[in-house]
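Given next are the chains, with one letter for each unit.
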Amino acid sequence: MEELIITCETLDNGVSVITLNRPKVRNALNAELRAQMAERFIQLNNDPKTKAIVLTGGNKVFAAGADINDFLTTKTVDVYLRHSERYWDAITDCRKPIIAAVNGYALGGGCELAMHADIIVAGKSAKFGQPEIKIGLMPGAGGTQRLFRLLGKHKAMKLILTGDMISADQADQMGLVSEVVDDEATIKRAIEIAEQLASYSPIALTQIKEVANLGVDMPLPAALALERKAFQILFDTEDQKEGAKAFLEKRDANYKGQ
Ligand code: CO8
């Protein structure tokens, strides 16, 4: 049987795990893999059983970037006609929290992919970088923009212009990852966080995600107004009443996403 280049498993507790599986080329993101990954995100976004998503490349490597085999003969019009933005948009448009579990290399498009997640758990030996400059290219899926916004100009420009890699600890100090754990614990820890989120109100999680991601690129007064409106909307949900009631009754809340 042909090996799947992506697997997706939905666990019992509201967590789904997407795993990239092209180990021979270090999970290089070819067009087929990106299309399948987008399909998975769209499917999980619409799956009521999935409350949080873990994205991983497995225990050895997250992703070594775009598949360079595609770059030898590709022309501008080919790259344009792929409309790759639709694959990335499927991840950005996902309303559910995404936790990236990064082991090994997250380079180029792989680092950009990790940055699409809401939370990044990195194994101690993970390595991050945007090495496109070393092959006569530049980041093309948000690397120049997201890194600049996340790390500030001088840290971001050093990474993008030199193409050099940084360690998980350096990425942690710079604020590129949420936490660093032992390599063997990365996926387990990401699932644990996903389980924690899956136990919360899905509507509240979605509102946080939407407001945080939209608000960060807005002027502060508009972003604060957006936050206020989302906060107010939550008072009309059953989950909000259940949360307050459960707290006062000293029991676990049972959220229904309504
Ligand atoms: N594409 C295709 N094949 C790859 C890639 C890749 N990105 N990375 C590794 N491979 C292949 C190697 O060619 C090699 O193949 P073979 O066994 O046939 O020789 C195999 O994977 C193993 O690689 P190495 O022997 O080099 O393994 P190491 O563990 O020694 O090194 C590295 C791993 C450090 C990851 C190294 O392979 C490397 O530097 N890879 C290239 C990294 C890179 O330059 N990435 C950026 C690519 S450009 C990009 O991402 C642009 C993003 C644009 C938008 C996003 C679109 C998805």
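Keep in mind it's a predicted model, so treat the numbers as computed, not measured. All residue numbers refer to positions counted from 1 along the written sequence of the respective chain. The predicted origin of the model limits local features to residues at a pLDDT of at least 70 and limits the giving and counting of side-chain atom pairs to 80 or more, whereas totals for whole chains, interfaces and linings rest on all residues. The side-chain figures draw on all heavy atoms in the structure; neither hydrogens nor water molecules are used.

S.K.: Which parts of the structure should I look at to understand the side chain of Glu112?
M.R.: Only DSSP runs of H or I with at least four residues qualify as helices, and only runs of E with at least two residues qualify as strands; both kinds are numbered from the N terminus onward. Locating Glu112 in the fold gives a position in helix α4 (residues 109–115). Among buried Asp, Glu, Lys and Arg side chains, Glu112 stands out as unpaired, with Arg146 the closest opposite charge at 7.1 Å. N or O atoms within 3.5 Å of each other form a polar contact, as long as, within protein, one can give a hydrogen and the other can take it, and as long as residues adjacent in sequence are counted only when both atoms are side-chain atoms. Among the polar contacts listed, one links the side chain of Glu112 to the backbone nitrogen of Gly143, at a separation of 2.7 Å. We call two residues in contact when some of their heavy atoms are within 4.5 Å. Leaving out residues up to four positions away in the same chain, Glu112 has contacts with Gln130, Glu132, Pro139, Gly140, Ala141, Gly142 and Gly143. A 1.4 Å probe rolled over the protein chains alone gives each residue an accessible area, and that area as a share of the maximum for its type sets the label: buried under 20%, exposed over 50%, partly exposed in between. Asp and Glu count as negative and Lys and Arg as positive, but His and the ends of the chain are not part of the count. In the sections that follow, a salt bridge refers to a side-chain nitrogen of Lys or Arg positioned within 4 Å of a carboxyl oxygen of Asp or Glu.

S.K.: Explanation requested: the pairing of strand β1 (residues 6–10) in the structure shown.
M.R.: Strand residues, when the strand is regular, have side chains that alternate between the two faces of the sheet. Taken together, the five bridges between β1 and strand β2 (residues 15–20) define a ladder with antiparallel strand orientation. Looking at β2, one finds that Ile6 is bridged to Leu20. Connecting the antiparallel pair β1 and β2 is a turn made up of four residues, with Gly14 showing a positive phi of about 85°. At least two bridges found by DSSP between two strands is the condition for calling them paired.

S.K.: Help me out: how do you make sense of the packing of helix α9 (residues 202–215) against helix α10 (residues 220–234) in this one?
M.R.: When two helices pack together, their arrangement is given by the angle between the helix axes and the distance between those axes. Between α9 and α10, whose axes approach to 9 Å, the crossing angle comes to 170°. Considering the angle they form, α9 stands roughly antiparallel to α10. Of α10, the residues touching α9 (which contributes Ile203, Ala204, Gln207, Val211, Leu214 and Gly215) are Ala223, Leu226, Glu227, Ala230 and Leu234. For the contact of α9 with α10, the class distribution of residues is eight nonpolar, two polar and one charged. Fitting a line to C-alpha atoms yields each axis, with helices limited to the stretch in contact; the angle taken between N-to-C directions then spans 0 to 180 degrees. For this classification, under 35 degrees means roughly parallel, over 145 means roughly antiparallel, 65 to 115 means roughly perpendicular, and everything else is oblique. Each residue gets one label: Ala, Val, Leu, Ile, Met, Phe, Trp, Tyr, Cys and Pro are nonpolar, Asp, Glu, Lys and Arg are charged, and the others, such as Gly, are polar.

S.K.: What's the story with the packing of aromatic side chains in this structure? I'm lost.
M.R.: Given two aromatic rings, one states the distance between the centres and the angle between the planes to describe the pair. Each aromatic pair joins two rings of Phe, Tyr and Trp (for Trp, the six-membered one) with centres within 6.5 Å, and gets the label stacked for planes under 30 degrees apart, edge-to-face for over 60, and tilted for any other angle. Within this structure, the stated rule accounts for one aromatic pair. Centre to centre, the rings of Phe231 and Phe235 are 5.1 Å apart; their planes meet at 70°, and the pair counts as edge-to-face.

S.K.: Whenever I open this one, unusual backbone geometry confuses me. Can you help?
M.R.: Of all residues except glycine, most have a negative phi; of all peptide bonds, most are trans. Unusually for a residue other than glycine, Asn27 sits at a positive phi of about 55°. On the secondary structure map, Asn27 appears in the loop between β2 and α1 (31–45).

S.K.: What am I meant to see in helix α8 (residues 186–198) here?
M.R.: Spanning 13 residues, α8 covers 18 Å between terminal C-alpha atoms, matching the ideal 18 Å at 1.5 Å per step. Looking only at α8, the buried set comprises Thr186, Ala190, Ile191, Ile193, Ala194, Leu197 and Ala198. What you see down the axis of α8 is that its buried residues fit within an arc of 160°, all on one side. On its buried face, α8 sits against β2, β3 (52–56), β4 (98–102), β6 (119–123), β9 (179–181) and α9. Expected span of a helix: the number of residues minus one, times 1.5 Å. Think of it as the arc spanned by the lines of direction from the helix axis to the C-beta atoms.

S.K.: Sorry, what's going on with the pairing of β2 here?
M.R.: Of all six residues in β2, five are buried, a share of seventy percent or more. Two elements, β2 and β3, share five bridges in a ladder whose sense is parallel. Following the sheet pairing, Ser16 is matched in β3 by Ile53. With respect to chirality, the unit in which β2 leads through α1 into the neighbouring parallel β3 is right-handed. By the criterion used throughout, a crossover qualifies as right-handed when its path from the first strand across the helix to the second strand runs clockwise, the strands pointing away from the viewer.

S.K.: What am I meant to see in the site of the ligand here?
M.R.: Residues are counted as near a molecule or strand when any one of their heavy atoms sits within 4 Å of it. In the vicinity of the ligand there are 24 residues, among which Arg26, Ala64, Ala66, Ile68 and Gly109 approach most closely. Within the contact set of the ligand, an oxygen atom lies 3.1 Å away from a side-chain nitrogen or oxygen of Arg26. One of the backbone N or O atoms of Ile68 is found 2.9 Å from a nitrogen atom in the ligand. Every accessible area reported is derived by Shrake-Rupley at a probe size of 1.4 Å, with residue values counting cover from the shown protein chains alone. Bound to the protein, the ligand loses 64% of the 1100 Å² it would expose on its own. Of the residues contributing to the shell around the ligand, the split by class is 13 nonpolar, five polar and six charged.

Purely spatial values, then, with no claim about function.
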